[in-house]
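Overview (structure and organization)
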Amino acid sequence: MAGAVYELSQFVDNLRTIAAETTDPCAIVARVRPLARDLARAGTWLAPRHYECDVRQGFGAHLLHQEPDHTLAIFAGAWLPGRGAPPHNHGTWAVAVGVDGAERNTFWTRVDDGSRSGRAEVRRQGDLVLGPGDVVTFLPDSIHSVVNETARVTVSLHVYGKHVNYTKRFQFDPEEGIEKAFILTVDESASNDRRR
């Protein structure tokens, strides 16, 4: 349909189809990537409240949708100037798209064998500045950190195979060699959840 605007509900339907056809995280992120970019560019889901941040955690996580079993979770992420998230994994596949402003993603690799509970050694691998329309994908054990180096709140769209507070995920302290659970404060009032 020419001139049609991509809506959140269409994106959710597409996610459901993809998730029903494959469980391979590599195949899923490859298929979700262009659709997430289309949704981010359409901006039909974006509201002023999605720029609100939790000062304690340095960012806002606004739930737009999740399935009843917490799968297929979609968030608007807002980042305070000079703030971000420490190195962390997601415990599920993920796709992030820049919407408004630029966010620096730093990628990390775990170099220890994971045999010591609460301990982890991670090494920095590189950086990518995520701007409007830029997409980055993650597998369940991929590790990255995020920082907003601009002077204003930035916003990005985040799509996960499962709501990140329901996965086994961790944040890492590269200097202290510590691994600990990473749970977000989530604004669920922004949810546009249209379960069927």
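Look a little higher up for the structure.
Residues numbered from 1 in each chain as written. Predicted model: local features only at pLDDT ≥ 70, side-chain atom pairs only at ≥ 80, totals over all residues. Heavy atoms only, no water.

The next thing to look at is empty space enclosed by the protein. Taken as a whole, this structure holds 2 cavities of 30 Å³ or more when the rule is applied. Its boundaries defined by the atoms lining it, the largest cavity holds a volume of some 180 Å³. Lining the largest cavity we find 18 residues, and of these Phe59, Trp79, His158, Tyr160 and Leu184 sit closest to its centre. For the lining of the largest cavity, the elements supplying multiple residues, two or more each, are β1 (59–65), β2 (71–79), β3 (84–88), β8 (143–147) and β9 (154–162). (1 Å grid on protein atoms, 1.4 Å probe; cavity = no way out; pocket = protein on both sides within 12 Å on 5 of 7 lines; lining within 4 Å. Points joined across faces, edges and corners; volume = space filled by probe spheres on them. Helix = DSSP H or I, 4+ residues; strand = E, 2+ residues; numbered from the N terminus.)

This next bit is on the sheet that holds strand β12 (residues 186–187). What the 6 strands build is an open sheet, ordered β7-β4-β9-β2-β1-β12; its pairing is mixed. Edge strands, defined here as strands with exactly one partner in the open sheet, are β7 (135–138) and β12. Judged from the 4 bridges that link them, strand β4 (residues 94–100) and β7 form a sheet pairing that is antiparallel. Across the sheet, residue Val97 finds its bridge partner in β7, namely Val135. (Pairing = 2+ DSSP bridges.)

The next thing to look at is the packing of aromatic side chains. Tallied over the entire structure, the rule returns 4 aromatic pairs. Relative to Phe11, the ring of Tyr6 has its centre 6.2 Å away and its plane inclined at 90°; by these criteria the two rings are edge-to-face. For Phe11, a relative accessible area of 0% gives the class buried. Between the aromatic rings of Phe107 and Phe138, the centroid separation amounts to 6.3 Å while the plane-to-plane angle is 40°, which identifies the pairing as tilted. Of this pair, Phe107 sits in strand β5 (residues 103–110) while Phe138 sits in strand β7, and the two are 31 residues apart along the sequence. Since its relative accessible area comes to 23%, Phe107 is described here as partly exposed. (Phe/Tyr/Trp six-rings, centres within 6.5 Å; stacked < 30°, edge-to-face > 60°. Buried < 20%, exposed > 50% of the residue type's maximum accessible area, 1.4 Å probe, protein only.)

By themselves, these figures tell us nothing about what the structure is for.
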